[in-house]
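Breakdown of the fold
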Amino acid sequence: MAIIFLRTLIVFFLIMLAMRIMGKRQLGELEPSELVAAVLISDISANPLEDMGIPLIYGILPALTLLSCEVLISAITLKSIRLRSLLGDVPSIVISHGKINQKEMRKNRFNIDELTSELRKQGVTDISSIQTAVLEPDGSISILLYPSECPVTPAQLNIDSGNSSYPVILINDGHIIDGNLKLLGIDRAWLDKELKKRNIESPEDVFLLTSDSSFNIYVDEKDKT
Amino acid sequence: MKKELFTAFLLIGIFAACLANVSYIGKLTDEINKLICQSQELAAEGNWQASAEAAEEAVRVWHEHDAYIHIVLKHADIDSATDAIYDLLAEVYSHSAGNVDGTALRAHYHFECIYNMERISFGSLF
């Protein structure tokens, strides 16, 4: 039993390391080589856990080999457009000037239901309003609408939209994130002052506090229960 | 680039370790097979004492590598080979001249199989 426990720990940390080295992508955004490596690594590594008669090295060695191959293929495809194209890592234009490119759809085995579903997810129902739709290597679709169909922007209407920036978390579940305070050029004294203004006694009472560079603050206090 | 270089060296290292393992297993099974053959020949000559010594030496060599073989070989294969070699020893101890040849052949076959599974060949690849 102890061996199963230790083997499981070793395999878990090995797969975690492999995924970390492979990069911070979500499972649905994996490229073909990453998907193959991820599926095979998880399957092969499980064998020595299921069968105690199989040495652990039979799981570790293929996992390391797959990981190395994946990292090397990613590096080579960065440099070689030809190999990228060969591995299917190139985007395909599936709608051009409001017309579906059926040849590309067939080539990518992408059916009309999948296409319309992806378009709906992005709030587009009228294919004729699309100038270009690109099927990305990770299976998602990027859409470029005709300029006449694009939503208007504050700049087009000459409206001052202010100068806000991306809000950063300053207090996360009662913990002050000092690095983000530094990023905004503020200190704990400033934070305490802002909390006092909102009748909050301590940062520990805050569930989430964010601020952008214009100091627009969002505060969510912890539930009292 | 460091990550790519590391993985390239890791890949080369793994392959080199695999080749070293094939060579090591080859030498080990070869040594044991020679002792099995020696034991078989001595038994055929009726020299049971020397035959037992050769078979015991084969058992000793096999067990000497216990830690290594349990890391690189499937435990079921190790168990079959160990059984075969002990069967030979039992036949030699009981002076069963008619059975030694058969058990020696079986033991020889087991160790041959272990090496064949490890070495790089068309058959073992596919």
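Residues numbered from 1 in each chain as written. Chains lettered and ligands numbered in written order. Predicted model: local features only at pLDDT ≥ 70, side-chain atom pairs only at ≥ 80, totals over all residues. Heavy atoms only, no water.

**Side note on helix α5 (residues 97–118) of chain B**
Condition: The helix count covers DSSP runs of H or I at least four residues long, the strand count covers runs of E at least two residues long, and both are numbered beginning at the N terminus. Take the residue count of a helix, subtract one, and multiply by 1.5 Å to get its expected span. Note on exposure labels: buried denotes an accessible area under 20% of the residue type's maximum, exposed denotes more than 50%, and partly exposed covers the range between, all computed with a 1.4 Å probe on protein chains only. Taking the helix axis as origin, the arc is that swept by the directions to the C-beta atoms. In what follows, residue pairs with any heavy atoms lying within 4.5 Å of each other are defined as contacts.
With 22 residues, α5 of chain B should reach 32 Å at 1.5 Å per residue; the first-to-last C-alpha distance of 33 Å fits that figure. Residues of α5 of chain B that are buried: Val100, Thr103, Ala104, Ala107, His110, Phe111, Ile114 and Glu118 of chain B. Mapping the buried residues of α5 of chain B onto a view down its axis gives an arc of 120°, with all of them on the same face. Among the exposed residues of α5 of chain B, those pointing more than 90 degrees away from its buried face are Gly98, Leu105 and Tyr109 of chain B. Its buried side turned inward, α5 of chain B meets α3 (57–79) of chain A together with α1 (2–44), α2 (48–64), α3 (66–72) and α4 (75–93) of chain B.

**What to know about the layout of surface pockets**
Using the following cut-off: Whether a set of points on the 1 Å grid over the protein atoms alone is a cavity depends on a 1.4 Å probe fitting there but being unable to get out, while an open set qualifies as a pocket with protein on both sides within 12 Å along at least five of seven lines; lining residues are those with an atom within 4 Å of a point. Grid points are joined across faces, edges and corners, and a volume is the space filled by probe spheres set on the points. Residue polarity follows a fixed list, in which Ala, Val, Leu, Ile, Met, Phe, Trp, Tyr, Cys and Pro are nonpolar, Asp, Glu, Lys and Arg are charged, and the others, Gly among them, are polar.
Looking at the largest pocket, its volume works out to about 920 Å³. What lines the largest pocket is a set of 30 residues, and nearest its centre among them are Tyr58 and Leu61 of chain A together with Cys18, Asn21 and Glu118 of chain B. Secondary structure elements with two or more residues in the lining of the largest pocket: α2 (32–50) and α3 of chain A together with α1, α3, α5 and α6 (122–125) of chain B. Split by residue class, the lining of the largest pocket holds 21 nonpolar, five polar and four charged.

**Considering the interface of chain A and chain B**
A common way to state how big an interface is: give the accessible area lost once the parts meet. Heads up, the rule is: Buried area: the accessible surface (1.4 Å probe) lost by two parts on joining, summed over both. Here, a salt bridge means any side-chain nitrogen of Lys or Arg that lies within 4 Å of a carboxyl oxygen of Asp or Glu. Under this definition, polar contacts are N or O atom pairs within 3.5 Å; protein pairs additionally need one hydrogen-donor-capable and one acceptor-capable atom, and for neighbouring residues in sequence, both atoms have to be side-chain atoms.
Counting residues at the interface gives 15 residues for chain A, matched by 16 residues for chain B. The contact between chain A and chain B buries some 1300 Å² in all, and 74% of this surface belongs to carbon and sulfur atoms. Contact with chain B buries surface across chain A, with Tyr58, Ser68 and Leu72 of chain A losing the most and accounting together for 31% of the total. The interface formed by chain A and chain B holds zero salt bridges in total. Inspection of the chain A/chain B interface yields three residue pairs in polar contact (both at pLDDT 80 or more). Of all the secondary-structure elements, those providing two or more residues to the side of chain A that touches chain B are α1 (2–22) and α3 of chain A. Of the residues forming the side of chain A that touches chain B, the biggest block, ten residues, is contributed by α3 of chain A. Taken together, the residues of the side of chain A that touches chain B sort by class into eleven nonpolar, three polar and one charged.

**So, unusual backbone geometry**
All names here are of chain A. Unusually for a residue other than glycine, Asp173 sits at a positive phi of about 50°. Topologically, Asp173 is positioned in the loop between β5 (168–172) and β6 (175–176). For Asp173, a relative accessible area of 38% translates into the label partly exposed. A positive phi angle, near 60°, is found at Phe215, a position not held by glycine. The exposure class assigned to Phe215 is partly exposed, which follows from its relative accessible area of 37%.

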